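Coordinate inspection notes
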Amino acid sequence: MNLFAGPTDSNFSAEINLYGCHYNATGIPGITGGSIDDMKEAIKNRAAKKEIKPSVMITHVGGINSNVDTTMNLPNIPGGKKLTYLQFDMPMTAISDLRNLAQDDPFFNNLADICDRNNGLWSVEAEQALFAHYDVK
């Protein structure tokens with residue numbers, strides 16, 4: 001078992017049989033990433049078959065201008081993965097807070113509606129709308 005990216009709930013726990021770790025060669029690394037082969041398997045075998053849904057890990061989206069501040073303050077920002085788009089400027093924003101950006105740009109109401117239709121998750125549709133809004137080719 002490879003606990004890639006970690007859970008977002010700091011109280012998430014499970015019992016483990018340490019006997020099995022030794023005698024059954026069970027390994028449980030907790031790392032920030034896996035090998036190239038781990039990533040290939042996750043994409044090809046798991047995500048493509050819809051056995052896993054990586055989008056549930058993404059809780060925030062932002063543009064290149066938000067990258068440094070987000071990285072420097074990562075321990076203080078709740079949630080899971082922060083997705084940064086390098087093609088445009090946009091504040092790092094929780095998906096659940098996208099409507100707050102609509103005060104300055106009504107497009108973000110539409111983007112929030114797209115996420116709502118996808119159970120509050122980031123999606124290909126949301127990304128395509130964002131790219132169209134910022135005229136990214």
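For the structure, check the block above.
Before going into details, it helps to say that this report is about the structure given with it. From a predicted model like this one, the values you see are computed outputs, not experimental measurements.

Details of unusual backbone geometry
The phi dihedral of Asn119 is positive, around 60 degrees, even though this residue is not glycine. If you check the backbone angles, Asp135 has positive phi at about 55 degrees while not being a glycine. Following the sequence through the fold, Asp135 ends up in the segment after α5 (124–133). Residue class for Asp135 comes out exposed when judged on its relative accessible area of 55%.

Considering the pattern of salt bridges
Using the criterion set out here, one finds 4 salt bridges in the structure. Between Asp116 and Arg99 there is a salt bridge, with its nearest N and O atoms 2.8 Å apart. A residue pair is termed long-range when its members are at least 10 positions apart, and Asp116 in helix α4 (residues 107–117) and Arg99 in the loop between β3 (93–94) and α4 qualify at 17 residues. You can call Asp116 partly exposed: its relative accessible area is 48%. Residue Arg99 is classed as partly exposed on the basis of its relative accessible area of 34%. The salt bridge partner of Glu125 is Arg117, with a shortest N-O separation of 2.7 Å. For Glu125, a relative accessible area of 34% puts it in the partly exposed group.

Topic: the sheet that holds strand β2 (residues 81–85)
The strand order across the open sheet built from 3 strands is β2-β1-β3, with neighbouring strands paired in mixed fashion. Every interior strand has two partners, whereas the edge strands, β2 and β3, have only one. Bridge count between strand β1 (residues 58–63) and β3: 2 bridges; the pairing is antiparallel. Counterpart to Val61 in the pairing with β3 is Thr93.

Calculation rules
- Residues numbered from 1 in each chain as written.
- Predicted model: local features only at pLDDT ≥ 70, side-chain atom pairs only at ≥ 80, totals over all residues.
- Heavy atoms only, no water.
- Helix = DSSP H or I, 4+ residues; strand = E, 2+ residues; numbered from the N terminus.
- Buried < 20%, exposed > 50% of the residue type's maximum accessible area, 1.4 Å probe, protein only.
- Salt bridge = Lys/Arg side-chain N within 4 Å of Asp/Glu carboxyl O.
- Pairing = 2+ DSSP bridges.

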